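# Structural description and commentary
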Amino acid sequence: MRIDIITVLPELIGSPLDHSIVKRAREKGLVEINLVHLREFTNDRHKSVDDYPFGGGAGMVMKIEPVYRAIEHLKSQRFYDEIIYTSPDGEPFTQKMANELALKQNIIILAGHYKGVDHRIRENLITREISIGDYVLSGGEMPAAVIADAVVRLIPGAITDEQSALLDSFQDDLLSPPVYTRPASFMGWKVPDILLSGHTGEIEKWRHEQSVERTRKLRPGLMKE
Ligand code: SAM
(Lines give C-alpha, C1' and ligand atoms only; values in the text may rest on other atoms or scores of the structure.)
Protein backbone atom coordinates (compact mmCIF):
# COMPACT_ATOMS: atom_id res chain seq x y z
CA MET A 1 0.00 0.00 0.00
CA ARG A 2 1.09 3.57 -0.62
CA ILE A 3 -0.14 6.71 1.16
CA ASP A 4 0.80 10.14 -0.21
CA ILE A 5 0.10 13.01 2.16
CA ILE A 6 -0.01 16.46 0.59
CA THR A 7 0.91 19.07 3.18
CA VAL A 8 2.28 22.58 3.69
CA LEU A 9 3.81 21.49 7.02
CA PRO A 10 5.62 18.17 6.48
CA GLU A 11 7.59 18.69 9.71
CA LEU A 12 4.32 18.39 11.66
CA ILE A 13 3.54 14.95 10.36
CA GLY A 14 6.85 13.11 9.96
CA SER A 15 7.34 12.05 13.57
CA PRO A 16 3.94 10.45 14.34
CA LEU A 17 4.39 8.22 11.30
CA ASP A 18 7.96 7.29 12.14
CA HIS A 19 7.49 5.26 15.33
CA SER A 20 6.11 2.00 16.64
CA ILE A 21 3.83 -0.14 14.42
CA VAL A 22 3.75 2.34 11.52
CA LYS A 23 7.53 2.61 11.47
CA ARG A 24 7.90 -1.19 11.46
CA ALA A 25 5.29 -1.56 8.72
CA ARG A 26 7.26 0.93 6.61
CA GLU A 27 10.52 -0.89 7.30
CA LYS A 28 8.93 -4.23 6.36
CA GLY A 29 7.81 -2.69 3.06
CA LEU A 30 4.09 -3.17 3.85
CA VAL A 31 3.37 0.51 3.34
CA GLU A 32 5.12 3.42 1.70
CA ILE A 33 4.24 6.79 3.23
CA ASN A 34 5.31 9.75 1.18
CA LEU A 35 5.06 13.38 2.28
CA VAL A 36 4.36 15.68 -0.65
CA HIS A 37 5.47 19.26 0.01
CA LEU A 38 2.80 21.47 -1.46
CA ARG A 39 5.14 24.46 -1.78
CA GLU A 40 7.18 22.50 -4.32
CA PHE A 41 4.18 22.78 -6.65
CA THR A 42 4.03 26.58 -6.56
CA ASN A 43 5.66 28.66 -9.26
CA ASP A 44 5.91 32.09 -7.71
CA ARG A 45 8.90 33.52 -5.88
CA HIS A 46 7.23 33.35 -2.46
CA LYS A 47 5.96 29.78 -2.93
CA SER A 48 2.46 30.95 -1.95
CA VAL A 49 -0.09 28.29 -1.19
CA ASP A 50 -2.84 30.62 0.14
CA ASP A 51 -4.70 33.73 -0.92
CA TYR A 52 -7.48 36.06 0.27
CA PRO A 53 -11.04 34.75 0.09
CA PHE A 54 -13.30 36.03 -2.68
CA GLY A 55 -16.09 38.06 -1.11
CA GLY A 56 -13.85 39.24 1.74
CA GLY A 57 -13.80 38.14 5.36
CA ALA A 58 -11.16 36.90 7.76
CA GLY A 59 -8.56 34.23 7.05
CA MET A 60 -6.89 32.80 3.99
CA VAL A 61 -7.84 30.04 1.58
CA MET A 62 -5.61 27.33 0.10
CA LYS A 63 -5.06 28.03 -3.58
CA ILE A 64 -6.26 25.68 -6.26
CA GLU A 65 -3.22 25.61 -8.59
CA PRO A 66 -0.53 24.03 -6.35
CA VAL A 67 -3.00 21.42 -5.07
CA TYR A 68 -4.10 20.62 -8.64
CA ARG A 69 -0.48 20.29 -9.78
CA ALA A 70 0.47 18.09 -6.81
CA ILE A 71 -2.48 15.74 -7.35
CA GLU A 72 -1.98 15.58 -11.13
CA HIS A 73 1.72 14.88 -10.62
CA LEU A 74 0.90 11.92 -8.34
CA LYS A 75 -1.88 10.67 -10.63
CA SER A 76 0.48 10.70 -13.61
CA GLN A 77 2.59 8.08 -11.80
CA ARG A 78 -0.04 5.60 -10.59
CA PHE A 79 -3.74 5.02 -10.10
CA TYR A 80 -5.22 6.23 -6.79
CA ASP A 81 -8.20 4.47 -5.22
CA GLU A 82 -9.11 7.49 -3.08
CA ILE A 83 -8.13 11.15 -2.89
CA ILE A 84 -9.11 12.15 0.62
CA TYR A 85 -9.51 15.65 2.03
CA THR A 86 -9.45 15.98 5.81
CA SER A 87 -12.23 18.30 6.91
CA PRO A 88 -14.32 18.90 10.04
CA ASP A 89 -17.46 18.61 7.91
CA GLY A 90 -16.42 15.29 6.32
CA GLU A 91 -17.71 11.77 7.08
CA PRO A 92 -16.86 10.86 10.68
CA PHE A 93 -13.81 8.56 10.68
CA THR A 94 -14.59 5.08 12.04
CA GLN A 95 -12.90 1.70 12.39
CA LYS A 96 -15.13 0.45 9.55
CA MET A 97 -13.71 3.16 7.29
CA ALA A 98 -10.15 2.28 8.39
CA ASN A 99 -10.86 -1.37 7.48
CA GLU A 100 -12.08 -0.28 4.02
CA LEU A 101 -9.08 1.97 3.40
CA ALA A 102 -6.62 -0.75 4.50
CA LEU A 103 -7.77 -2.78 1.45
CA LYS A 104 -6.78 -0.02 -1.01
CA GLN A 105 -3.55 0.08 -3.00
CA ASN A 106 -2.83 3.81 -3.23
CA ILE A 107 -4.42 6.75 -1.48
CA ILE A 108 -3.74 10.47 -1.32
CA ILE A 109 -4.59 12.48 1.79
CA LEU A 110 -4.74 16.25 1.37
CA ALA A 111 -4.20 18.11 4.64
CA GLY A 112 -6.01 21.45 4.66
CA HIS A 113 -4.91 24.69 6.34
CA TYR A 114 -6.14 28.24 7.00
CA LYS A 115 -9.92 28.47 6.35
CA GLY A 116 -9.67 25.36 4.19
CA VAL A 117 -9.15 24.71 0.49
CA ASP A 118 -10.73 26.47 -2.48
CA HIS A 119 -14.05 24.64 -2.74
CA ARG A 120 -13.44 23.73 -6.42
CA ILE A 121 -10.74 21.32 -5.22
CA ARG A 122 -13.35 19.50 -3.14
CA GLU A 123 -15.86 19.49 -5.99
CA ASN A 124 -13.52 18.29 -8.72
CA LEU A 125 -10.48 16.48 -7.32
CA ILE A 126 -11.46 14.89 -4.02
CA THR A 127 -13.20 11.50 -3.83
CA ARG A 128 -13.80 11.35 -0.08
CA GLU A 129 -13.87 13.82 2.82
CA ILE A 130 -13.09 12.62 6.32
CA SER A 131 -13.46 14.26 9.73
CA ILE A 132 -11.69 12.88 12.79
CA GLY A 133 -14.19 14.49 15.17
CA ASP A 134 -16.50 17.40 15.86
CA TYR A 135 -13.82 19.94 16.73
CA VAL A 136 -11.58 22.17 14.64
CA LEU A 137 -7.81 21.71 14.48
CA SER A 138 -5.40 24.19 12.92
CA GLY A 139 -4.46 21.91 10.05
CA GLY A 140 -5.10 18.53 8.46
CA GLU A 141 -1.69 17.02 9.34
CA MET A 142 -2.80 15.44 12.61
CA PRO A 143 -6.02 14.12 11.05
CA ALA A 144 -3.91 12.68 8.18
CA ALA A 145 -1.59 11.01 10.72
CA VAL A 146 -4.59 9.64 12.65
CA ILE A 147 -6.10 8.16 9.49
CA ALA A 148 -2.76 6.72 8.29
CA ASP A 149 -1.98 5.14 11.68
CA ALA A 150 -5.44 3.55 12.02
CA VAL A 151 -5.20 2.17 8.48
CA VAL A 152 -1.59 0.94 8.55
CA ARG A 153 -2.04 -1.16 11.74
CA LEU A 154 -4.74 -3.11 9.86
CA ILE A 155 -2.50 -4.13 6.95
CA PRO A 156 -1.81 -7.87 7.34
CA GLY A 157 1.64 -8.30 8.88
CA ALA A 158 1.79 -4.80 10.42
CA ILE A 159 1.02 -6.19 13.85
CA THR A 160 3.05 -9.25 14.78
CA ASP A 161 0.13 -10.97 16.50
CA GLU A 162 -2.51 -10.32 13.85
CA GLN A 163 -5.26 -11.39 16.23
CA SER A 164 -4.44 -8.42 18.36
CA ALA A 165 -5.80 -5.88 15.81
CA LEU A 166 -8.94 -7.96 15.37
CA LEU A 167 -9.57 -7.85 19.12
CA ASP A 168 -9.29 -4.06 19.33
CA SER A 169 -12.30 -1.92 20.19
CA PHE A 170 -14.84 -1.27 17.41
CA GLN A 171 -14.04 -4.43 15.43
CA ASP A 172 -17.38 -6.31 15.75
CA ASP A 173 -18.95 -3.12 17.14
CA LEU A 174 -17.72 -3.99 20.62
CA LEU A 175 -15.31 -2.26 22.96
CA SER A 176 -12.23 -4.18 23.97
CA PRO A 177 -12.25 -6.14 27.29
CA PRO A 178 -10.01 -4.93 30.15
CA VAL A 179 -6.39 -6.12 30.07
CA TYR A 180 -3.92 -6.78 32.91
CA THR A 181 -0.28 -7.80 33.31
CA ARG A 182 2.05 -8.77 36.16
CA PRO A 183 2.02 -8.47 39.13
CA ALA A 184 -1.22 -10.35 39.80
CA SER A 185 -1.71 -8.29 42.95
CA PHE A 186 -0.56 -4.71 43.52
CA MET A 187 -1.42 -2.82 46.73
CA GLY A 188 -4.19 -5.38 47.21
CA TRP A 189 -5.67 -4.60 43.75
CA LYS A 190 -6.19 -8.01 42.22
CA VAL A 191 -6.38 -9.27 38.66
CA PRO A 192 -9.67 -11.19 38.04
CA ASP A 193 -9.12 -14.84 39.07
CA ILE A 194 -10.39 -16.18 35.75
CA LEU A 195 -7.37 -14.70 33.91
CA LEU A 196 -5.02 -16.70 36.14
CA SER A 197 -7.00 -19.94 35.79
CA GLY A 198 -5.38 -21.20 32.57
CA HIS A 199 -8.84 -22.20 31.16
CA THR A 200 -8.57 -20.72 27.66
CA GLY A 201 -12.23 -21.31 26.77
CA GLU A 202 -13.50 -19.76 30.00
CA ILE A 203 -11.14 -16.80 29.58
CA GLU A 204 -12.42 -16.16 26.03
CA LYS A 205 -16.03 -16.36 27.31
CA TRP A 206 -15.23 -13.90 30.14
CA ARG A 207 -13.55 -11.50 27.71
CA HIS A 208 -16.54 -11.54 25.40
CA GLU A 209 -18.94 -10.93 28.30
CA GLN A 210 -16.78 -8.03 29.47
CA SER A 211 -16.78 -6.54 25.95
CA VAL A 212 -20.56 -6.76 25.75
CA GLU A 213 -21.02 -5.34 29.25
CA ARG A 214 -18.60 -2.45 28.69
CA THR A 215 -20.15 -1.60 25.31
CA ARG A 216 -23.67 -1.66 26.79
CA LYS A 217 -22.54 0.61 29.63
CA LEU A 218 -20.12 2.98 27.86
CA ARG A 219 -21.20 3.06 24.19
CA PRO A 220 -24.70 1.54 23.90
CA GLY A 221 -25.11 3.15 20.46
CA LEU A 222 -22.50 0.77 19.01
CA MET A 223 -24.51 -2.37 19.79
CA LYS A 224 -26.35 -4.02 16.92
CA GLU A 225 -30.09 -4.57 17.31
N1 SAM B 1 -12.97 26.68 8.29
C2 SAM B 1 -12.97 25.26 8.42
C3 SAM B 1 -14.30 24.80 8.96
O4 SAM B 1 -14.88 25.49 9.78
O5 SAM B 1 -14.73 23.67 8.60
C6 SAM B 1 -11.87 24.80 9.35
C7 SAM B 1 -10.51 24.96 8.81
S8 SAM B 1 -9.28 24.30 9.86
C9 SAM B 1 -8.74 25.71 10.75
C10 SAM B 1 -7.95 23.99 8.78
C11 SAM B 1 -7.85 22.58 8.25
O12 SAM B 1 -7.63 21.66 9.31
C13 SAM B 1 -9.08 22.05 7.54
O14 SAM B 1 -9.13 22.50 6.22
C15 SAM B 1 -8.88 20.55 7.64
O16 SAM B 1 -8.05 20.06 6.61
C17 SAM B 1 -8.16 20.40 8.97
N18 SAM B 1 -9.06 19.98 10.08
C19 SAM B 1 -9.39 20.71 11.16
N20 SAM B 1 -10.19 20.04 11.98
C21 SAM B 1 -10.38 18.81 11.43
C22 SAM B 1 -11.13 17.67 11.80
N23 SAM B 1 -11.86 17.64 12.90
N24 SAM B 1 -11.09 16.58 10.99
C25 SAM B 1 -10.37 16.60 9.85
N26 SAM B 1 -9.65 17.67 9.44
C27 SAM B 1 -9.65 18.77 10.20
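These lines cover the structure that appears in this document, whether it is placed above or below. Each residue is numbered by its place in its chain's sequence as written, counting from 1. Residue-level local features of this predicted model are given only where pLDDT is at least 70; pairs of side-chain atoms are given and counted only at 80 or more, and the full residue set underlies all totals for whole chains, interfaces and linings. For the side-chain quantities, the full set of heavy atoms in the structure was used; hydrogens and water were omitted.

### Concerning the site of the ligand
Let me state the cut-off plainly: In this text, near means that some heavy atom of the residue lies within 4 Å of the molecule or strand in question. Any N or O atom pair separated by 3.5 Å or less is treated as a polar contact, with the protein-specific requirement of one donor-capable and one acceptor-capable atom, and with residues adjacent in sequence counted only for side-chain atom pairs. The Shrake-Rupley method, run with a 1.4 Å probe, gives the accessible areas here. Residue values count only the displayed protein chains as cover.
The local shell around the ligand holds 20 residues, among which Tyr85, Thr86, Gly112, Tyr135 and Leu137 are the closest. The separation between an oxygen atom of the ligand and a polar main-chain atom of Gly112 is 3.0 Å. Taking Gly133, its main chain carries an N or O atom lying 3.0 Å from a nitrogen atom of the ligand. Here the ligand, which alone exposes 580 Å², has 81% of that area covered by the protein.

### Focus on the environment of Phe79
Convention followed: Helix numbers and strand numbers start at the N terminus; a helix is a DSSP run of H or I with at least 4 residues, a strand a run of E with at least 2. The cut-offs for exposure are 20% and 50% of the maximum accessible area for each residue type, with area from a 1.4 Å probe on protein chains only; residues under the lower value are buried, those over the upper are exposed, and the others partly exposed.
Within the secondary structure, Phe79 is located in the loop between helix H2 (64-75) and strand E5 (82-92). Phe79 sits in the exposed class, given a relative accessible area of 63%. Along the chain, Phe79 and Ile107 lie 28 residues apart, while their C-alpha atoms are 8.8 Å from each other.

### So, the sheet that holds strand E6 (residues 106-110)
The line we're drawing: Each pair of strands is called paired provided DSSP finds at least two bridges between the two strands. What counts as an axis is a line fitted to C-alpha atoms, over the stretch in contact for a helix, and the angles between N-to-C directions run from 0 to 180 degrees. Residue contacts are counted whenever heavy atoms from the two residues lie within 4.5 Å of one another.
The five strands lie next to each other as E2-E1-E6-E5-E7, forming an open sheet whose pairing is parallel. Strand pairing shows two members of the sheet lacking a second neighbour, strand E2 (32-37) and strand E7 (128-131), which therefore form its edges. Looking at each pair of strands side by side, their axes are set apart by 30 degrees on average, direction ignored. Summarising the sheet, E5 and E6 pair through four bridges and their orientation is parallel. Directly across from Ile83, in E6, lies its bridge partner Ile108. Together, E5 and E7 form the strand contacts of helix H3 (residues 95-102), whose direction differs from that of E7 by roughly 140 degrees. Of the strands in this sheet, strand E1 (2-7), E2, E5, E6 and E7 touch helix H5 (residues 141-152), which is tilted by about 175 degrees from E1.

### Concerning the pairing of E2
To be explicit about the condition: Viewed with both strands pointing away, a crossover whose connecting path from the first strand over the helix to the second turns clockwise is right-handed.
Of the strand pairs in this sheet, E1 and E2 are connected by six bridges, and their pairing is parallel. The residue bridging Asp4 from the neighbouring strand is Asn34, located in E2. On the question of chirality, the crossover connecting E1 to the parallel E2 by way of helix H1 (residues 20-27) is right-handed.

It is worth stressing that arrangement in space is one thing and function is another; only the former is reported here.
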